[in-house]
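Descriptive structure summary
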Amino acid sequence: MKIGILGGGQLARMLALAGHPLGLQCISLEPAAEACAAQVGSVIAGDFTDEDLLADFAAGIDVVTTEVEHVPLVALDYLQQHRRLAPGRRSIAVAQDRLLEKTLFHDLELPTAHFVPVDSLEDLVAAMQVVGLPAILKTRRMGYDGKGQVVLREASAAEAAWSAVAGAPCLLEAMVPFDREVSVIAVRSQEGECRFWPLTENLHHNGILSVSRALLEEPLQALAEQHCQRLLEALDYVGVLALELFQVGDKLLANEYAPRVHNSGHWTIEGAVTSQFENHLRAVAGLPLGATDARCAAAMVNFVGHVPAASAVLAVADAHLHVYGKQPRPGRKVGHATLCAAHPGLLEPGLKTLVHLAQGGREGDAIA
Ligand code: AMP
């Protein structure tokens, strides 16, 4: 079976690698000149809106999935006339627009931060009265990794914030005093079976995910699964989805979802019975889902801007290195390492070393 993937970055690359043993071939469509999925699978280079190219792409595949959420909807409109989309168009369209996304959460009675749509400076001033301060102004579209966001701490900052978003349609969200950020990665089959990996705690650095830790025996697991299942069913979702949540005490507030495999699920390659990549392909291809249980305690460290020396990473016991084959650039995710251990307490020393290496430290340096 041939799986078409919109996008040819590291997520497509890891999907292609997971597909090989199953006899599933991945073919990506990627507009950017550099596509690291090309090192392990097939990539067609070109624009998502080029109909001739989309026709060639559709002719060579059985089903279409995506590794990016910001795909032009016209591409999905075209492709769905010719091939099955998994996940479907609505699952991707809603995730592209923070207002549609938060409204869906609200309709499904998933708790969220208080939010108000903002389309003008006057709206923003009024919204600040409703939501209170501090608050975050977020553009409805093209926001990820903290992009398109302005934090407002004082009413006098409204004008500067509005000009910072250049008048784009926005929403204003109350700042959540969260205890921690977690995500639940789930998979839903074509028959509607849902499975969930253990919740993951996520730490960010400069707005980019830096460390994810699988939370084994987490009391909030059942609540996260309930929230996520409601979303999967409402979207009639097929494939892997990540729901990002803020934990406040014993509550979970939904922040956003990604209609694809997710960076906070990379630990599942070594840390779970079936990885998010394999289960996404199984769901999309109509195969039985694999178990999502953790095999061990696991954590992941992202390598952003540079990949540390392999010799240093692999000197850490039970560390597993993934290099994406991308040109290193500041702020760019170029690899990650997963660390496994028999129980969570045993992860700490190795994790400290991997974070130190990720931050540019060298093997043998004193670790702060
Ligand atoms: P997002 O692009 O919505 O995932 O936001 C990026 C990051 O900004 C999140 O991972 C949080 O650390 C922070 N953030 C976003 N929205 C809120 C909020 N309403 N309250 C507190 N922090 C937030």
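Check the entry above for the structure.
Let me sum up the structure you'll find in this document. In this text, all values refer to a predicted model and were calculated from it rather than measured experimentally.

Observations concerning the site of the ligand
Near the ligand there are 16 residues, and of these Lys138, Glu173, Val176, Glu181 and Glu256 occur at the shortest range. Glutamate 173 places a polar side-chain atom, nitrogen or oxygen, 2.8 Å from a nitrogen atom of the ligand. Protein contact buries 89% of the 480 Å² of open area that the ligand shows by itself. Looking at the shell around the ligand, the elements that each hand over two or more residues are strand 7 (135–139), strand 9 (170–174), strand 14 (239–248) and strand 15 (251–258). Looking at the shell around the ligand residue by residue, the classes come out as 6 nonpolar, 4 polar and 6 charged. Looking at which domains feed residues into the shell around the ligand, each of domain 2 (114–174) and domain 3 (180–358) supplies at least three.

Some thoughts on the environment of glutamine 96
Within the secondary structure, glutamine 96 is located in the loop between helix 4 (89–95) and helix 5 (98–107). Sequence separation between glutamine 96 and leucine 243 is 147 residues; the distance between their C-alpha atoms is 14 Å.

Some thoughts on unusual backbone geometry
The peptide bond linking alanine 86 to proline 87 adopts the cis configuration, its omega dihedral lying at 0°. Locating proline 87 in the fold gives a position in the loop between strand 5 (84–85) and helix 4. Between leucine 133 and the following residue, proline 134, the backbone shows a cis peptide bond with an omega angle of 0°. If you trace the backbone, proline 134 turns up in the loop between helix 6 (121–131) and strand 7. Backbone geometry places alanine 166, a non-glycine residue, at a positive phi of 55°. According to the relative accessible area criterion, alanine 166 is exposed, its value standing at 69%. Positive phi values are uncommon outside glycine, yet glutamate 217 reaches one of about 55°.

Section: the side chain of glutamine 10
Of note, glutamine 10 is situated in helix 1 (residues 10–19). With relative accessibility at 13%, the residue glutamine 10 sits in the buried group. Polar side-chain contacts of glutamine 10 include one of 2.7 Å to the side chain of lysine 326. Those residues in contact with glutamine 10 that sit more than four places away from it in its chain are Cys36, Glu67, Tyr324, Lys326 and Lys333.

Things to note about the state of the cysteines
According to the stated counting rule, one finds 0 disulfides in the structure shown. Between cysteine 26, a free cysteine, and cysteine 36, which holds the nearest cysteine sulfur, the sulfur-to-sulfur gap is 13 Å. Here cysteine 26 falls in the buried class, since its relative accessible area comes to 6%.

Details of the packing of helix 2 (residues 51–59) against helix 3 (residues 73–82)
Helix-helix packing: each pair is described by the crossing angle between the helix axes and the interaxial distance. Remark: helix 2 packs on helix 3, axes separated minimally by 10 Å, with the N-to-C direction vectors making an angle of 40°. In the crossing of helix 2 with helix 3, the sense of the turn from one axis to the other is right-handed. Here Glu51, Leu54, Ala55, Phe57 and Ala58 of helix 2 come into contact with helix 3, specifically with Ala75, Tyr78, Leu79 and His82. Classifying every residue of the contact of helix 2 with helix 3 gives 7 nonpolar, 1 polar and 1 charged.

Thresholds applied
Every chain is numbered on its own, with residues counted from 1 as its sequence reads. Per-residue local features of the predicted model are confined to residues with pLDDT of at least 70, and side-chain atom pairs are confined, for both listing and counting, to 80 or more; whole-chain, interface and lining totals are unaffected and use all residues. Hydrogen atoms and water are omitted, and side-chain values are computed over all heavy atoms in the structure. Any residue with at least one heavy atom within 4 Å of a molecule or strand is counted as near it. Polar contact criterion, stated in full: a pair of N or O atoms within 3.5 Å, where within protein one must be able to donate a hydrogen and the other to accept it, and residues adjacent in sequence count only if both atoms are side-chain atoms. The protein chains shown are the only cover counted for residues, whose accessible areas, like all others here, come from Shrake-Rupley with a 1.4 Å probe. Helix numbering and strand numbering both begin at the N terminus, where a helix is a DSSP run of H or I of at least 4 residues and a strand a DSSP run of E of at least 2. In this count, Pro and Cys sit with the nonpolar residues alongside Ala, Val, Leu, Ile, Met, Phe, Trp and Tyr, while Asp, Glu, Lys and Arg are called charged and the others, Gly among them, polar. Note that the domain bounds were set by an automatic or database domain assignment. The buried label applies to any residue whose accessible area, calculated with a 1.4 Å probe on protein chains only, is under 20% of its type's maximum; exposed applies above 50%, and partly exposed to all values in between. Any pair of residues with heavy atoms lying within 4.5 Å of one another is described as a contacting pair. Here, the term disulfide refers to a pair of cysteine sulfur atoms separated by no more than 2.5 Å. Throughout, an axis means a line fitted to C-alpha atoms (over the contacting stretch in the case of helices), and angles, computed between N-to-C directions, take values from 0 to 180 degrees. In a left-handed crossing the near helix is turned counterclockwise from the far helix by less than a right angle, and in a right-handed crossing that turn is clockwise.

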